[in-house]
Amino acid sequence: MRDSEIITLLQMRDERGMEEFLLHYGPLMRYIISPILKSGHDVEECVSETAMRVWDKIDMFDEDRGSFTTWLTAITRNTALNKARYEERHYSEEEDENSPSPEMTPEEVILKKERQRELKLAIEQLSSKDKNIFYRKYYYLQPTSKIAAELCMTERAVEGKLYRIRKKLRYLIGGEENEI
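Quantities reported herein were computed from a predicted structural model and do not represent experimental measurements.

Colleague: Can you explain the overall build of the protein chain? Please cite residues and give values.
Modeller: Scanning the protein chain for helices and strands turns up eight helices and zero strands. Its helices and strands taken in sequence order, the protein chain reads α-α-α-α-α-α-α-α from the N to the C terminus. Dimensions along the principal axes, computed over C-alpha positions, put the protein chain at roughly 55 × 50 × 30 Å. The burial tally for the protein chain puts 32% of its 180 residues in the buried class. When contacts within the protein chain are restricted to residue pairs at least 6 apart in sequence, long-range pairs at least 24 apart make up 57% of them. Averaging the coordinates of the 29 positive side-chain charges in the protein chain and doing the same for the 35 negative ones gives two points 8 Å apart.

Listed below in structure tokens is the structure:
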């Protein structure tokens, strides 16, 4: 079944669309979620939660803004990261009442957004191969060994490439002192 047919069935709220969606996109979702959530149970729970988000938000998908796979990838990654943050927050030790607030100040929020914008512009200047490696490591949180295996490179070559990418991004952003 083609993507457009699956999307149409989901938009019509036809359960066959969900079955086809899970059959067709389940492996992709697991591939994205696995580096973020380590427990197999958490991965499956996240796949289910992502599927429900797609079901609920399918009308928000806009083909003019990008492919269905890109849209799904963003939803899947964000769902996994939210679940990881939730798990970390709820299973970490109780915080001391005297500890500083983890909330960012308005100035910190503005600075963070500015750094993100600068980083995004710098990433756009990378070659497609460098972007691919950078996104795999820092966006999809894939281990270096997995990146190396899938790109037919050695782990050492991937690590070296990542080092050079980070160095180039620091230069493009405006100096060696900036952190990525």
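Next comes the rest of the write-up.
Colleague: Lay out the side chain of threonine 79 in plain terms, naming residues and giving numbers.
Modeller: Here threonine 79 shows up in helix H4 (residues 68-91). Since its relative accessible area comes to 1%, threonine 79 is described here as buried.

Colleague: Could you give an account of the packing of helix H5 (residues 106-124) against helix H8 (residues 155-173), naming the residues involved and the relevant values?
Modeller: Remark: H5 packs on H8, axes separated minimally by 9 Å, with the N-to-C direction vectors making an angle of 120 degrees. Relative to H8, the element H5 lies oblique. Crossing of H5 over H8 shows right-handed handedness. In contact with Glu118, Leu119, Ala122 and Ile123 of H5, H8 contributes Leu169, Leu172 and Ile173. Classifying every residue of the contact of H5 with H8 gives six nonpolar, no polar and one charged.

Colleague: Describe the nonpolar core, naming the residues involved and giving the relevant values.
Modeller: Formed by 24 residues in total, the largest nonpolar core has its most connected members in Leu10, Phe21, Ile33, Val54 and Phe68. Listing elements by their share of this core, those giving two or more residues are helix H1 (3-11), helix H2 (15-33), helix H3 (40-57) and H4. Apart from the residues within four sequence positions on either side, phenylalanine 68 is in contact with Ile7, Phe21, Tyr25, Val54, Ile58 and Phe61. Residues Ala148, Leu162, Ile165 and Leu169 belong to the second largest nonpolar core, which totals 12 residues.

Colleague: Describe the packing of aromatic side chains, naming the residues involved and giving the relevant values.
Modeller: Overall, the coordinates contain 10 aromatic pairs when judged by the stated rule. A centroid spacing of 6.2 Å and a plane angle of 70 degrees characterise the contact between phenylalanine 134 and tyrosine 135, whose relative ring orientation is edge-to-face. In this structure tyrosine 135 comes out as partly exposed when scored by relative accessible area, which is 30%. Each member of the aromatic cluster is reached from another via a ring pair, and the members are Phe21, Tyr25, Phe61, Phe68 and Trp71.

Colleague: Give me the pattern of salt bridges: which residues, what numbers.
Modeller: The final tally for this structure, using the stated rule, is nine salt bridges. Between arginine 16 and aspartate 14 there is a salt bridge whose closest N-O contact spans 2.7 Å. The buried category is assigned to aspartate 14, whose relative accessible area is 18%. Glutamate 87 serves as the salt-bridge partner of lysine 83, at 3.4 Å between the closest nitrogen and oxygen. With lysine 83 and glutamate 87 both in helix H4 and four residues apart, the pair spans about one turn of that helix. Across the pair, exposure class does not vary: lysine 83 and glutamate 87 are buried alike. Here the salt bridges share partners, and the residues they tie into one network are Glu45, Lys83 and Glu87.

Colleague: Would you mind going over a positive patch on the surface in detail, with residue names and values included?
Modeller: A cluster of like positive charges, contributed by Arg85, Arg89, Lys112 and Arg115, occupies part of the molecular surface. Every element with two or more residues in the positive patch is listed here: H4 and H5.

Reading the values: rules and limits
Residues numbered from 1 in each chain as written. Predicted model: local features only at pLDDT ≥ 70, side-chain atom pairs only at ≥ 80, totals over all residues. Heavy atoms only, no water. Helix = DSSP H or I, 4+ residues; strand = E, 2+ residues; numbered from the N terminus. Buried < 20%, exposed > 50% of the residue type's maximum accessible area, 1.4 Å probe, protein only. Contact = heavy atoms within 4.5 Å. Lys, Arg positive; Asp, Glu negative; His and termini not counted. Charge placed at Lys NZ, Arg CZ, Asp CG, Glu CD. Axes fitted to C-alpha atoms, helices over the stretch in contact; angles between N-to-C directions. Parallel < 35°, antiparallel > 145°, perpendicular 65-115°, else oblique. Left-handed = near helix turned anticlockwise from the far one by under 90°. Nonpolar A, V, L, I, M, F, W, Y, C, P; charged D, E, K, R; others polar. Core = buried A, V, L, I, M, F, W, Y, C linked by side-chain atoms within 4.5 Å. Phe/Tyr/Trp six-rings, centres within 6.5 Å; stacked < 30°, edge-to-face > 60°. Salt bridge = Lys/Arg side-chain N within 4 Å of Asp/Glu carboxyl O. Patch = residues over 30% accessible without salt bridge, like charges linked within 9 Å, V, L, I, M, F, W, Y side chains within 5 Å. Areas by Shrake-Rupley, 256 points an atom, 1.4 Å probe, with all protein chains shown as cover.

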